[in-house]
Amino acid sequence: MLDHGAPPHNGGPAAPQSEGVGMRLMRRKPVERLVAEGGRGEGGTLRRSLGLWQLTMISIGATLGTGIFVVLGEAVPKAGPAVTLSFVIAGLTALFSALSYAELAGTIPVSGSSYSYAYATMGELIAWVCGWCLMLEYGVSVAAVAVGWGEYLNELLDGTIGVTLPAALSAPPGDGGIFNAPALIVVLLAMAFLLGGARESARANTVMVLVKIGALVLFCAIGVQGFRSGNYENFMPLGMAGVSAAGATLFFSYIGFDAASTAGEEAKNAQRDLPRAILLSLAIITALYVLVAAVAVGAKPWRQFTDSEAALAQIMREVTGQSFWGTLLAFCAVVAIASVVLTVLYGQTRILFAMSRDGLVPKVFARVSPRTGTPRANTLIVSLFCGVLAAAVPLGQLADATSIGTLFAFALVNVAVVVLRRSRPDMPRSFRVPLSPLLPALGFGFCLWMMGSLSTVTWVVFGVWMAVGLVFYFLYGYRRSRLAAPAPSEAK
């Protein structure tokens, strides 16, 4: 029998075959190795071209618009006028996790986001589970937002040329259609930008973010004219359970700062700028979400939000009695939601890039084009998968599936920041979570609470997704993990 407790020969790393299964599953990747490998891919390296402004815009771009332009119509029927409180609760939950993300992003500035943080603190199996959750979070989020983009495109077409796309081509099966063509189109457009390079994608995203902020400010200025205090009389008609259920659905609207952390290997000064971008973007996003939700519910009775995925454009039309303002908002939403698709798709490709570099997924995802400095094959594969998913699955199911994956990954990040504080207390940190471990513990608890508010169906989907992920890990990643091999500096 092998003596798994025996020290490695000659003081070097133990050979992979001498490790027990438990040791391999719990093996951690050193922070120094994570950072040293930053930017390296198969055949090329990622380019460091993003500053604080671009990182903040990526964070806002991945977040602002999703919950307001798309999912507000899904959340209001669950909470009633108290949907504003749902946004606050979701934002508070995001804040606790954002603080943990800010500390880890400044300490471990790499593309893998919470996957890499878990790898450095809790071992390979937990890192894989986290990465698999991120695939659910990002991939499904792209699809969910793309579905809403099609709704606003129809609003725009109706207001400008008086026609709409037939239901068969603008809705997925189960929602009265056959294939959601607009959802596929917007994912392919985002793919084209990403293939051009990170700097070019960031520029396009910045323009789209400014358009969406302008659109929401315009909505508030006009929507407040239709404000009726009577719409708030029965503030919490479905109780606190409804508020928490809506908050859990809306939580996937707060994944933008996670997208910013995936840019760690393309940031000019990641340790300084990532924490700032994460916290600044979350403050802007939460303020706008709460303000717009408050105006929307004040201008339209909450019971009339059912099945309305283009709610803001409809409110503008109803308040003014003119189609022009609703059409203008629909145009802004078409541009704005496209930026969410662009930045979240970016985050998905970078997480797969990091997992591929570690050997846990096929190496095709880590191939970098020497010309553009982007993982081209990775971008093509992910885009086509997300586009087909968006064209075939209804929005509500996508949003809840994204929420549970997001919450699980965020819960792990709150644990990781405490573990790294204890295992590496002297490591330089450009930002530190205040009142640790209290605030990370609150973040962990809030995530679990909101997960418990999701439906049984969502939990079943999550369980199946996790089971599939574990099968893939033990058949592929467990055997091909590169952590068993010495780091390049050690091999020389």
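Residues numbered from 1 in each chain as written. Predicted model: local features only at pLDDT ≥ 70, side-chain atom pairs only at ≥ 80, totals over all residues. Heavy atoms only, no water.

A. Examining the overall build of the protein chain more closely. The secondary structure content of the protein chain amounts to 21 helices and zero strands. Scored against the burial criterion, the 492 residues of the protein chain give a buried share of 59%. Counting contacts in the protein chain only where the partners sit at least 6 residues apart, residues at least 24 apart contribute 84% of the total. Approximately 18300 Å² of the protein chain is accessible, and the part contributed by carbon and sulfur atoms is 66%. (Helix = DSSP H or I, 4+ residues; strand = E, 2+ residues; numbered from the N terminus. Buried < 20%, exposed > 50% of the residue type's maximum accessible area, 1.4 Å probe, protein only. Contact = heavy atoms within 4.5 Å. Areas by Shrake-Rupley, 256 points an atom, 1.4 Å probe, with all protein chains shown as cover.)

B. View of the pattern of salt bridges. This model, assessed by the stated rule, comprises ten salt bridges. With a shortest N-O distance of 2.7 Å, Arg272 and Asp273 are connected by a salt bridge. Assessed through its relative accessible area of 41%, Arg272 is described here as partly exposed. Residues participating in the shared-partner salt-bridge network are Lys29, Arg33, Glu37 and Asp358. (Salt bridge = Lys/Arg side-chain N within 4 Å of Asp/Glu carboxyl O.)

C. Structural detail: the side chain of Ser97. For Ser97, the location among the structural elements is in helix α6 (residues 83–107). Accessibility expressed as a relative area gives 0% for Ser97, which makes it buried. For Ser97, the side chain forms a polar contact with the side chain of Asn414, separated by 3.1 Å. Other than its neighbours up to four places away in sequence, Ser97 contacts Phe257, Phe410, Asn414 and Cys447. (Polar contact = N/O pair within 3.5 Å; in protein donor to acceptor, adjacent residues only side chain to side chain.)

D. Representation of the state of the cysteines in the model. One pass over the full model with this rule turns up zero disulfides. In this structure Cys130 is a free cysteine whose sulfur lies 6.5 Å from that of Cys133, the closest cysteine sulfur available. (Disulfide = S-S within 2.5 Å.)

E. Layout of the packing of aromatic side chains. Taken as a whole, this structure holds 20 aromatic pairs when the rule is applied. Aromatic side chains Trp128 and Phe472 sit 5.7 Å apart centroid to centroid with 10 degrees between the ring planes, which places their arrangement in the stacked category. Separated by 344 residues along the polypeptide, Trp128 in helix α8 (residues 124–160) and Phe472 in helix α20 (residues 456–480) bring together distant segments of the chain. Of the aromatic side chains, those joined through ring pairs into one cluster are Trp128, Trp132, Trp465, Phe472, Tyr473, Phe474, Tyr476 and Tyr478. Over the aromatic face of Phe305 sits the side chain of Lys300, whose NZ or CZ is 5.4 Å from the ring centroid. (Phe/Tyr/Trp six-rings, centres within 6.5 Å; stacked < 30°, edge-to-face > 60°. Lys NZ or Arg CZ within 6 Å of the ring centre and 35° of its normal.)

F. Main features of helix α15 (residues 311–320). Listing the buried residues of α15 in full gives Ala311, Leu312, Ala313, Ile315 and Met316. Two residues or fewer past α15, Gly321 is found with a positive phi of approximately 75 degrees.

G. Main features of the environment of Ile381. For Ile381, the position within the fold is in helix α17 (residues 376–392). Ile381 sits 32 residues away from Thr349 along the chain, and the two C-alpha atoms are 9.2 Å apart. With residues near it in sequence (within four places) discarded, Ile381 still touches Val364 and Phe365.

H. Spotlight on α20. With 25 residues, α20 ought to run about 36 Å at 1.5 Å a step, and its terminal C-alpha atoms sit 35 Å apart, in line with that. The sharpest bend along α20 measures roughly 50 degrees and falls at Tyr473. Of all the residues in α20, the buried ones are Thr458, Phe462, Met466, Gly469, Tyr473, Tyr476, Gly477 and Tyr478. (Expected span 1.5 Å × (residues − 1). Bend = angle between axes of the 7 residues up to and from the residue.)

I. Structural view of a nonpolar patch on the surface. Taken together, the side chains of Phe235, Met236, Met240 and Trp449 present a nonpolar region at the surface, about 340 Å² in accessible area. Within the secondary structure, Trp449 sits in helix α19 (residues 438–452). Taking relative accessible area as the criterion, Trp449 reaches 36% and is therefore assigned partly exposed. (Patch = residues over 30% accessible without salt bridge, like charges linked within 9 Å, V, L, I, M, F, W, Y side chains within 5 Å.)

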